[in-house]
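Overview (structure and organization)
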Amino acid sequence: AWILLFCAALALRLWAGIDRLDMIWPDEHFQTLEPAGWVIFGHGFMTWEWQMGYRSWVVPAFFMPVLWACKQLGVLGGAALIQACRAWLGALSCILFISLNQLMKRFGVRPWARWVALAACAFSSAMILWSVATLSDVLGMLVLWLILPKYIELSERKRFGACLLAGMLAGILFSIRSQLILAGAGLFVASFLILRSWKLLAALCVGYFGAILLSGILDWATWGQPFQTLIQ
């Protein structure tokens, strides 16, 4: 039953990515796929954000491998490029079910209740349509769900190295979308309340702010100024 549910969720998201080309918001193309295409193919529509250094290259970079693979297969334009990126994101969104199931098992939710909850997510029209929207918001939430079970596990180990990695995972969210620094900060505070150790809190701080610093260095390398996107 679990395998069938996962396969059904995957099939619906692949269908939404390939069959539907309607947009929830124009940024799905102009802030993600167009800049990625500009790097891979040498041309693309660059909006004012990409002329002023208003956006980070982290999110477009997520789609560049897909576009590069399409280029190697001889697909140089058209709807197929968009469909490939949407289908890939939709397929990856199914990992959310694994993370959600891990969290529910961790908190003692019964198997039948977990099945109902996962089925509600798998067949929700909103979840299906949003899962293939190539927006930084969608990617950020996907990464948050991916790291949440691992983050809780690492922070509860109460070891310096584990806390360092947990802090880095929370800081990665800032690179995807700067507003998600609040989500990372929430994980950070919750972990400190669990750990109750200044030494382990220091490890969290180093990892958390180290990941944010790497985002600033990326802006420096691509836009010529540290934290250019945040300043803009």
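That block above? That's the structure.
Now for a description of the structure that goes with this document. All values derive from a computational prediction rather than experimental measurement. Here the residue numbering is sequential within each chain, running from 1 through the sequence in written order. Only residues with pLDDT of 70 or above have their local features reported here, since the model is predicted, and side-chain atom pairs are shown and tallied only from 80 upward, although totals for entire chains, interfaces and linings are computed over all residues. To get the side-chain values, all heavy atoms of the structure are used, and hydrogens and water are removed first.

**Regarding the overall build of the chain**
Counting its regular elements, the chain contains 13 helices and zero strands. For helices the rule is a DSSP run of H or I covering at least 4 residues; for strands it is a run of E covering at least 2, with both sets numbered from the N terminus onward. In sequence order, the chain lays out its α and β elements as α-α-α-α-α-α-α-α-α-α-α-α-α. Along the longest, intermediate and shortest principal axes, the C-alpha atoms of the chain span 55 × 50 × 30 Å. Three exposure classes are used, based on accessible area relative to the maximum for each residue type with a 1.4 Å probe and protein chains only: buried under 20%, partly exposed in between, and exposed over 50%. Relative to its full complement of 232 residues, the chain shows a buried share of 43%. Only heavy atoms enter the contact rule, under which two residues are in contact if any of them lie within 4.5 Å. Intrachain contacts of the chain at a sequence separation of at least 6 include 70% that bridge at least 24 residues.

**Considerations on the side chain of Ser93**
Mapped onto the elements, Ser93 comes out in helix α5 (residues 79-93). When residues no more than four places from it in sequence are discounted, the contact partners of Ser93 are Arg13, Ser131 and Leu142.

**A word on unusual backbone geometry**
The phi dihedral of Phe227 falls on the positive side, at around 55°, and the residue is not glycine. Secondary-structure assignment places Phe227 in the loop between α12 (198-223) and α13 (228-231).

**Topic: helix α6 (residues 95-106)**
With 12 residues, α6 extends 17 Å from end C-alpha to end C-alpha; this agrees with the ideal 16 Å at 1.5 Å per step. Of all the residues in α6, the buried ones are Leu96, Phe97, Ser99, Leu100, Asn101, Leu103 and Met104. Considering only its buried residues, α6 is in contact with α1 (2-19), α5, α7 (111-122), α8 (125-131) and α9 (136-157). Phi turns positive, to about 75°, at Gly108, one or two residues after α6. By this rule the span expected of a helix is its residue count minus one, scaled by 1.5 Å.

**A short note on the pattern of salt bridges**
Where charged atoms from two side chains of opposite charge come close, those side chains can pair. Every case where a carboxyl oxygen of Asp or Glu lies within 4 Å of a side-chain nitrogen of Lys or Arg is listed as a salt bridge. On inspection of all chains with the given rule, the structure shows four salt bridges. The salt bridge partner of Asp27 is Arg55, with a shortest N-O separation of 3.4 Å. Taken together, the residues span a long stretch of sequence, with Asp27 in helix α2 (residues 27-41) and Arg55 in the loop between α3 (48-52) and α4 (58-72) at a distance of 28 residues. With a relative accessible area of 19%, Arg55 lands in the buried category. A salt bridge links Arg86 to Glu28, with the shortest nitrogen-to-oxygen separation between them at 3.4 Å. On the criterion of sequence distance, the pair formed by Arg86 in helix α5 and Glu28 in helix α2 is long-range, its members being 58 residues apart. The same class applies to Arg86 as to Glu28, namely buried.

**Overview of a nonpolar patch on the surface**
Without a salt bridge and with relative accessible area above 30%, a residue can belong to a patch; like charges are then joined within 9 Å and nonpolar side chains (Val, Leu, Ile, Met, Phe, Trp, Tyr) within 5 Å. Only the protein chains shown count as cover for residues, and all accessible areas are computed by the Shrake-Rupley method using a 1.4 Å probe. Judged by side-chain polarity, Trp2, Trp112, Trp115 and Val116 come together as a nonpolar surface patch covering roughly 450 Å² of accessible area. By residue number, the principal contributor to the nonpolar patch is α7, which donates three residues. One can find Trp115 in helix α7.

**Concerning the environment of Ala166**
If you trace the backbone, Ala166 turns up in helix α10 (residues 160-176). Taking the relative accessible area as the measure of exposure, Ala166 reaches 0% and is therefore buried. Taking the C-alpha atoms as reference, Ala166 lies 35 Å from Ile18; in sequence the two are 148 residues apart. Once you skip the residues sitting within four places of it in the chain, Ala166 turns out to touch Tyr151, Leu154, Ser155 and Leu204.

**Notes on the packing of aromatic side chains**
Side-chain rings of Phe, Tyr and Trp (the six-membered ring for Trp) are treated as a pair once their centres are within 6.5 Å; stacked means planes under 30 degrees apart, edge-to-face means over 60, and tilted covers the remaining angles. A complete count under the given rule lists nine aromatic pairs for this structure. Ring centres of Trp48 and Tyr54 lie 5.2 Å apart, and the angle between their planes is 45°; on these two criteria the pair is classed as tilted. Taking the centre distance of 5.2 Å and the plane angle of 90° together, the rings of Phe62 and Phe63 count as edge-to-face. Overall, the relative accessible area of 0% leaves Phe63 in the buried class. By the ring-pair criterion, three or more aromatic residues cluster together here, those being Trp38, Trp50, Trp57 and Trp223.

**Here's the deal with the environment of Arg196**
If you trace the backbone, Arg196 turns up in the loop between α11 (181-195) and α12. Given the relative accessible area of 69%, Arg196 is considered exposed. Note: C-alpha distance between Arg196 and Ile176 (20 residues apart in sequence) is 29 Å.

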